[in-house]
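Given next are the chains, with one letter for each unit.
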Amino acid sequence: MGLIISAPNVHLGGGVALLSALLAVLGDDSEARLILDKRIGIHERMPRRLAVDQVRPTIWGRLLAEWRLRKWAGTEDTVLCFGNLPPLFRLRGKVLLFLQNRYLVEPRSLKGFPFFQRLRITLERLWFRWGKRNVTRFIVQTPSMQRSVEQNLSMPSTVLPFSKEPKGYTRATVTPGGRRKARQGFLYVASGEPHKNHRNLVEAWTLLAEEGIRPGLCLTLDKNRFSDLCGWIEDKVKDMGLNITNVGSISAQDIERVYKESFALIYPSDFESLGLPLIEARCAGLPILASERDYVRDAVDPEETFDPGSPVSIARAVKRFLRIPEEPLPLMDAREYLSKVYEIARQ
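All of these numbers come straight from a predicted model, not from anything done at the bench.

### What to know about the packing of aromatic side chains
For step 1, the next point in the chain: A full pass over the atoms with the stated rule returns 14 aromatic pairs.
For step 2, the next point in the chain: Relative to Phe-113, the ring of Tyr-103 lies with its centre 5.2 Å away and its plane at 80°, an arrangement referred to as edge-to-face. With Tyr-103 in helix α3 (residues 102-105) and Phe-113 in the loop between α3 and α4 (115-131), this residue pair connects regions lying ten residues apart in the sequence.
For step 3, the next point in the chain: Under the relative-accessibility criterion, Phe-113 is labelled buried at 4%.
For step 4, the next point in the chain: With a centroid separation of 5.1 Å and an interplanar angle of 70°, the aromatic rings of Tyr-103 and Phe-271 are classed as edge-to-face. With Tyr-103 in helix α3 and Phe-271 in the loop between β11 (264-267) and α9 (276-283), this pair connects stretches of sequence that are 168 residues apart.

Set out below in structure tokens:
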């Protein structure tokens, strides 16, 4: 039985990290094929007997890859589709689809996406709808993603979570101790799609600044891909004097360094298939402040949670974590209340 890994749709972020981890455990004697996005390039440490077919990131390049996949796959082969999209054609072997993109599974609004991203996701939804019948089984990473597949697709799936280096991972709360004082600010590792919720996070930092609280915050936004969002954040930083830095899209090695230098992970994303930074942060020994969402509780027990739709809730979670007390409501008794009513009426 042969293995074919089809990953022409993977070229950024966590998908690349997981694909690299998968390839690293294939032995040099493994006879496998890999369909790879040309933008990634061939890594020198790839298995010696791995046959690699590089695909140009164009419509014609993708269609050519699909035709080759149909020709290569035999009845005894296992095809692992690693980029959310199923094969366009019916294949002879077993087809397992590693599914991470909830936009393809759920009828979520694309409001807030730039035009070309909306167009891309719309086309991918059409592709997914057509090709899902060619999938033997879906592979997901969390129980909440499994429920979504069953509810929206009425198809079976298996939960198989994995990461590049699970050593040190725990879902339980952590106690960083002395290391915590030496760390510099909060970290949010995420791209800039609307569901990642950067705007509410920055609005929360604005509310904190209005109270004279200016914690550090490090973002990892690609300034070319998300220029509008980055420009908006830069304006907020200038107007309010926010302590926010954006290190841009950085390599896996640099991400590890940033984790080590950070005080805590803050993760306001509204929905995820896994939320890989939650796992990475736990492995790095970081406390976590995160959205009160099922995908978060699937992976970790965060130190603080909040409503991701409310900047006030996010700001309050940060204050609780920093042990900054929230002032109570200035309650008064009925006599004082009535006195104030008369006072207002006389104005």
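### Looking at the confidence of the model for the chain
For step 1, the next point in the chain: With 93% of its residues at a pLDDT of 70 or more, the chain has an overall mean of 88.
For step 2, the next point in the chain: Confidence scores differ between elements of the chain, with helix α1 (residues 13-24) showing the lowest mean pLDDT of 78 and helix α6 (residues 198-210) the highest of 98.
For step 3, the next point in the chain: With pLDDT under 50 throughout, residues 177-182 is counted as low confidence; its partners more than four residues away or in other chains account for four contacts.

### Some points on the sheet that holds strand β2 (residues 32-37)
For step 1, the next point in the chain: Taken in spatial order, the seven strands line up as β3-β2-β1-β4-β5-β6-β7 in an open sheet, and their pairing is parallel. Two strands in the sheet have a free side with no partner beyond their single neighbour: β3 (51-55) and β7 (157-159). Ignoring strand direction, the axes of neighbouring strands in this sheet form an average angle of 20°.
For step 2, the next point in the chain: Sheet analysis places strand β4 (residues 78-81) next to strand β5 (residues 94-98), joined by four bridges and oriented parallel.

### Some details on the pattern of salt bridges
For step 1, the next point in the chain: This model, assessed by the stated rule, comprises 19 salt bridges.
For step 2, the next point in the chain: A salt bridge links Lys-236 to Glu-203; the shortest N-O distance between them is 3.3 Å. Taken together, the positions of Lys-236 in helix α7 (residues 227-240) and Glu-203 in helix α6 put the pair 33 residues apart, joining distant regions of the chain.
For step 3, the next point in the chain: By relative accessible area, which is 25% here, Glu-203 ends up partly exposed.
For step 4, the next point in the chain: Among the ionic pairs, Asp-270 bridges to Arg-293, the shortest N-O distance being 3.0 Å. Of the two residues, Asp-270 sits in the loop between β11 and α9 while Arg-293 sits in the loop between β12 (288-291) and α10 (294-299), which places them 23 residues apart along the sequence.
For step 5, the next point in the chain: Note on Asp-270: relative accessible area 28%, which makes it partly exposed.
For step 6, the next point in the chain: One connected set of salt bridges, linked through shared partners, spans Glu-211, Arg-316, Lys-319 and Glu-326.

### Observations concerning the sheet that holds strand β10 (residues 244-246)
For step 1, the next point in the chain: Read from one edge to the other, the open sheet built from six strands follows the order β10-β9-β8-β11-β12-β13, with strand pairing classed as parallel. Each edge of the open sheet is held by one strand with a lone partner, namely β10 and β13 (304-306). Averaged over all neighbouring strand pairs, the angle between strand axes comes to 20°, with direction disregarded.
For step 2, the next point in the chain: As judged from the three bridges shared by strand β9 (residues 217-219) and β10, these two strands associate in the parallel manner. Bridged to Cys-218 within β10 is Thr-245.

### Concerning the layout of surface pockets
For step 1, the next point in the chain: As a volume, the second largest pocket reaches approximately 330 Å³.
For step 2, the next point in the chain: Around the second largest pocket, the lining is made up of 17 residues, and of these Gly-112, Gly-192, Pro-194, Arg-199 and Leu-229 lie nearest the centre.
For step 3, the next point in the chain: Of all elements in the fold, only α6 and α7 reach the threshold of two or more residues within the lining of the second largest pocket.
For step 4, the next point in the chain: Residues belonging to the lining of the second largest pocket are distributed by class as follows: five nonpolar, eight polar and four charged.

### So, the nonpolar core
For step 1, the next point in the chain: With 65 residues, the main nonpolar core has Phe-82, Phe-186, Trp-205, Ile-266 and Leu-278 as its most contacted residues.
For step 2, the next point in the chain: Of all the elements, α6 adds the most residues to this core, at six residues.
For step 3, the next point in the chain: Leaving out residues up to four positions away in the same chain, Ile-266 has contacts with Phe-186, Leu-187, Tyr-188, Leu-201, Trp-205, Leu-217, Leu-289, Phe-306, Ile-314 and Val-318.
For step 4, the next point in the chain: One finds Leu-88, Val-135, Val-149 and Leu-153 within the second-largest nonpolar core, a separate group that totals 25 residues.

So, how was this worked out
Residues numbered from 1 in each chain as written. Predicted model: local features only at pLDDT ≥ 70, side-chain atom pairs only at ≥ 80, totals over all residues. Heavy atoms only, no water. Phe/Tyr/Trp six-rings, centres within 6.5 Å; stacked < 30°, edge-to-face > 60°. Helix = DSSP H or I, 4+ residues; strand = E, 2+ residues; numbered from the N terminus. Buried < 20%, exposed > 50% of the residue type's maximum accessible area, 1.4 Å probe, protein only. pLDDT = per-residue confidence, 0-100. Contact = heavy atoms within 4.5 Å. Pairing = 2+ DSSP bridges. Axes fitted to C-alpha atoms, helices over the stretch in contact; angles between N-to-C directions. Salt bridge = Lys/Arg side-chain N within 4 Å of Asp/Glu carboxyl O. 1 Å grid on protein atoms, 1.4 Å probe; cavity = no way out; pocket = protein on both sides within 12 Å on 5 of 7 lines; lining within 4 Å. Points joined across faces, edges and corners; volume = space filled by probe spheres on them. Nonpolar A, V, L, I, M, F, W, Y, C, P; charged D, E, K, R; others polar. Core = buried A, V, L, I, M, F, W, Y, C linked by side-chain atoms within 4.5 Å.

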